Amino acid sequence: MVSLEGVGKSFGANRVLSDINLSVESGEVVVVIGPSGSGKSTMCRCINRLETIDEGRILFEGRPLPAEGRELARMRARVGMVFQSFNLFAHRTILDNLTLGPVTVLGRKRSQAEERARELLERVGIADKADQLPRQLSGGQQQRAAIARALAMDPVLMLFDEPTSALDPEMISEVLDVMRALASSGMTMIVVTHEMGFARSAADRVAFMADGRIVETAPPATFFDAPTSERARDFLGRVLRH
């Protein structure tokens, strides 16, 4: 589904990604973890070409990412992305937030888009919020609406960039439950997160990043029980103590 080959990225003199190599198969859930500033979010944004790369290449469905124009728009329509901030349209209802993309980008009839939107809101547990504005929802409900909005475009890949980091602790589990259900359904997912429990329970593979590099990748049981790198052992020793 996605392949990063020798990807490098700098912001001025700051090297944020170095020789990134990672392949994600269709139906696979890869959770990317690591210390803050290790390049996780930048890598995620490069996959959707929200950031451009300086070296290497990224393949999506076997083809290099389009540089711009309609080809890029078509690719992005197939990739859903959920950010730390919910990015919902504040003055539109939740239902409108979910139907806007399918109607304007995919050319669907409004009635068809609304039917699908209501199915997705039911799936993420907020069917009763369809006619409300984002500000009337809790943070956890807004993030679940953001996930439903991404799914409304029928993506083949979902990218999650720290989707729970802006939430209060009691709201985190409701979002992670939706993501676990999505993972179980066979959706291809790349998830950047600090939630170690989610990584252990939902990932097919964990990719550990530090200092702009992927230090190691392994199934979660192997990574959490017997990491091979000193850097990963030190990281896990710090985060699992708290």
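Given the structure is predicted, the values throughout are model-derived calculations rather than measurements. (Residues numbered from 1 in each chain as written. Predicted model: local features only at pLDDT ≥ 70, side-chain atom pairs only at ≥ 80, totals over all residues. Heavy atoms only, no water.)

Draft legend 1. Quick look at helix α3 (residues 94-104). Every buried residue of α3 is listed here: I94, L95, N97, L98, T99, G101 and P102. Structurally, α3 contributes buried residues whose contacts are with α4 (110-123) and α5 (139-151). (Buried < 20%, exposed > 50% of the residue type's maximum accessible area, 1.4 Å probe, protein only. Helix = DSSP H or I, 4+ residues; strand = E, 2+ residues; numbered from the N terminus. Contact = heavy atoms within 4.5 Å.)

Draft legend 2. The arrangement of the sheet that holds strand β5 (residues 63-64) in detail. With antiparallel pairing, four strands are arranged side by side in an open sheet as β2-β1-β4-β5. With partners counted over all chains shown, the strands left at the sheet margins are β2 (14-24) and β5, one partner each. Where helix α1 (residues 40-47) meets the sheet, its contacts fall on β1 (2-11), β2 and β4 (55-60), and the angle it forms with β2 comes to roughly 60°. (Pairing = 2+ DSSP bridges. Axes fitted to C-alpha atoms, helices over the stretch in contact; angles between N-to-C directions.)

Draft legend 3. Representation of the packing of α5 against helix α6 (residues 169-184). Two elements in contact, α5 and α6, have axes whose closest approach is 8 Å; the angle formed by their N-to-C orientations is 20°. One finds that α5 runs roughly parallel with respect to α6. Remark: the crossing between α5 and α6 carries right-handed chirality. Here G139, G140, Q141, Q143, R144, I147 and L151 of α5 lie close against α6, whose contacting residues are M171, E174, V175, V178, M179 and L182. Of the residues in the contact of α5 with α6, the class split is seven nonpolar, four polar and two charged. (Parallel < 35°, antiparallel > 145°, perpendicular 65-115°, else oblique. Left-handed = near helix turned anticlockwise from the far one by under 90°. Nonpolar A, V, L, I, M, F, W, Y, C, P; charged D, E, K, R; others polar.)

Draft legend 4. Examining the pattern of salt bridges more closely. The final tally for this structure, using the stated rule, is 19 salt bridges. For E55, the salt bridge identified is with R15, shortest N-O distance 2.7 Å. Remark: R15 occurs in strand β2 and E55 occurs in strand β4; sequence separation between them is 40 residues. Since its relative accessible area comes to 33%, E55 is described here as partly exposed. Between R233 and E230 there is a salt bridge whose closest N-O contact spans 3.1 Å. Taken together, the residues R233 and E230, both in helix α9 (residues 230-239) and three residues apart, mark about one turn of the helix. The class of R233 is partly exposed, set by a relative accessible area of 38%. (Salt bridge = Lys/Arg side-chain N within 4 Å of Asp/Glu carboxyl O.)

Draft legend 5. Examining the pairing of β1 more closely. With seven bridges joining them, β1 and β2 adopt antiparallel strand pairing. Bridged to V7 within β2 is I20.

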